[in-house]
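Examining the three-dimensional arrangement
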Amino acid sequence: MSQLREAVPADATTVAQIYNASVTARDSTMHLELVDPRDVRSMIEALGDREVLLVLEADECVVGWGRLTRYSDRGGYRRTAETAVYVRRVRTGEGFGTQIQAALIERAREFGDHHLVAKVWADNAASVALHRRFGYEDVGVQREVGRVDGEWKDVLILQKLL
């Protein structure tokens, strides 16, 4: 049985560990340095009134997390948000990412958002598939927009209208 809840500052270490696995794997984030739990704690504490970081617990531990954040602080984008989902690598393929993404979309609807954006590495097939299952559509590819370990990375921009 799994349970979704809003993250609290005490979750910062676990959220950082899950995220840092992706930083280390070099397959889904442009972060090149490990994220410090203090930075995650500050991020959780700084979430705005229509932003949320959710954690998913299963088997008495956090197995993944997702974030819904404002796309921009410019007023014209006030009904646009961005989503991101990360799952413990040893727990991928169990449907946890799907649960988190569904909850983020529902929360976006509750907040009155109209447009969701996701930016994923173009070669990250699992993430691309997850977003497409939820009705995200491809907007375009930013070719060679990031450089990780000497290799240029393409980022696929996806959108979902609510």
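For the structure given in this document, a descriptive report is provided here. (Residues numbered from 1 in each chain as written. Predicted model: local features only at pLDDT ≥ 70, side-chain atom pairs only at ≥ 80, totals over all residues. Heavy atoms only, no water.)

**Examining the overall build of the protein**
Rules: Numbering of helices and strands runs from the N terminus; a helix is a DSSP stretch of H or I covering at least four residues, while a strand is a stretch of E covering at least two. In this setup the radius of gyration rests on C-alpha atoms only. A globule is expected at 2.2 Å times the number of residues raised to 0.38. Burial here depends on accessible area, computed with a 1.4 Å probe over protein chains only, as a share of the maximum for the residue type. Under 20% is buried, over 50% is exposed, and the range in between is partly exposed. In what follows, residue pairs with any heavy atoms lying within 4.5 Å of each other are defined as contacts.
Across its full length, the protein carries 4 helices and 7 strands. A compact globule built from 162 residues should have a C-alpha radius of gyration of about 15 Å, and the protein, at 15 Å, falls within 12% of that. A burial count over the protein gives 43% of its 162 residues as buried. Within the protein, contacts between residues at least 6 apart in sequence are counted, and of these 63% link residues at least 24 apart.

**Brief notes about the sheet that holds strand E5 (residues 115–121)**
We count it as follows: Here, a strand pair is defined by DSSP locating no fewer than two bridges between the strands. Angles run from 0 to 180 degrees between N-to-C directions of axes, and those axes are lines fitted to C-alpha atoms, restricted for helices to the stretch in contact.
Ordered by their spatial adjacency, 7 strands build an open sheet running E1-E2-E3-E4-E5-E7-E6, and the pairing between neighbours is mixed. In this open sheet, the two edge strands, each paired with only one partner strand, are strand E1 (2–6) and strand E6 (137–148). Direction aside, neighbouring strands of the sheet carry axes that sit 25° apart on average. Bridge count for E5 against strand E7 (residues 151–161) is 7 bridges, and the pairing is antiparallel. Looking across to E7, one finds that Val-117 is bridged to Gln-159.

**Some details on the pattern of salt bridges**
Heads up, the rule is: Basic side-chain nitrogens of Lys or Arg form a salt bridge, by our definition, when they fall within 4 Å of a carboxyl oxygen of Asp or Glu.
Applying the stated criterion to the full structure yields 15 salt bridges. Here Arg-91 and Glu-94 are joined by a salt bridge, their closest N and O atoms 2.8 Å apart. Take Arg-91: its relative accessible area is 16%, and that puts it in the buried class. Glu-94 sits in the partly exposed class, given a relative accessible area of 40%. With its nearest N and O atoms 3.6 Å apart, the salt bridge here joins Glu-110 to Arg-107. Here Arg-107 and Glu-110 lie together in helix H3 (residues 96–111), a separation of 3 residues that amounts to about one turn. The exposed category is assigned to Glu-110, whose relative accessible area is 54%. Connected through shared salt-bridge partners, Arg-5, Asp-11 and Glu-57 make up one network.

**Examining the layout of surface pockets**
How we decide: Points on a 1 Å grid, built from protein atoms alone, make a cavity when a 1.4 Å probe fits but cannot get out and make a pocket when they are open with protein on both sides within 12 Å along at least 5 of 7 lines; residues with an atom within 4 Å of a point are the lining residues. Grid points are joined across faces, edges and corners, and a volume is the space filled by probe spheres set on the points. Gly falls in the polar group here, along with every residue not listed as nonpolar (Ala, Val, Leu, Ile, Met, Phe, Trp, Tyr, Cys, Pro) or charged (Asp, Glu, Lys, Arg).
Taken as a whole, the largest pocket spans an internal volume of roughly 1200 Å³. Every residue lining the largest pocket is counted, 44 residues in all, and those nearest its centre are Ser-28, Val-85, Tyr-86, Asn-124 and Ser-127. Where the lining of the largest pocket is concerned, the elements lending two or more residues are helix H1 (12–25), helix H2 (37–45), strand E3 (61–70), strand E4 (80–87), H3, E5, helix H4 (125–133) and E6. For the lining of the largest pocket, the per-class residue count stands at 19 nonpolar, 15 polar and 10 charged.

**Things to note about H1**
Here is the rule: Between the first and last residue of a helix there are one fewer steps than residues, each counted as 1.5 Å, and that sum is the expected span.
Given a rise of 1.5 Å per residue, 14 residues ought to cover 20 Å, and the 20 Å separating the end C-alpha atoms of H1 matches this to within 8%. Of all the positions in H1, only Ala-12, Val-15, Ala-16, Ile-18, Tyr-19, Asn-20, Ser-22 and Val-23 are classed as buried. Elements in contact with the buried residues of H1: H2, strand E2 (52–58), E3 and E4. Downstream of H1 by one or two residues, Arg-26 has phi in the positive range, about 60°.

**Re the packing of H3 against H4**
This is how it is decided: Should an angle fall under 35 degrees it is called roughly parallel, over 145 degrees roughly antiparallel, and 65 to 115 degrees roughly perpendicular, with every other angle called oblique. For a crossing to be left-handed, the near helix must be turned anticlockwise from the far one by less than a right angle; the clockwise case is right-handed.
Following both chains from N to C, one finds H3 and H4 inclined at 45°, their axes separated by 11 Å at the closest point. What the angle tells us is that H3 and H4 run oblique. Here the hand of the crossing between H3 and H4 comes out right-handed. Contacts between H3 and H4 involve Gly-97, Thr-98 and Gln-101 on the former and, on the latter, Leu-130, His-131 and Arg-133. The class makeup of the residues in the contact of H3 with H4 is 1 nonpolar, 4 polar and 1 charged.

**Some points on the nonpolar core**
Put simply, the rule is: The term nonpolar core refers to a set of buried residues drawn from Ala, Val, Leu, Ile, Met, Phe, Trp, Tyr and Cys, joined through side-chain atoms within 4.5 Å.
Counting residues in hydrophobic clusters, the biggest one holds 24 residues, and the most contacted among them are Val-52, Leu-68, Phe-96, Leu-104, Leu-116, Tyr-136 and Leu-158. For this core, the secondary structure elements donating two or more residues are E2, E3, E4, H3, E5, H4 and E7. Considering every element that reaches this core, the biggest residue donor is H3, with 7 residues. Apart from the residues within four sequence positions on either side, Val-52 is in contact with Glu-6, Leu-47, Gly-66, Arg-67, Leu-68, Leu-104, Arg-107 and Phe-111.

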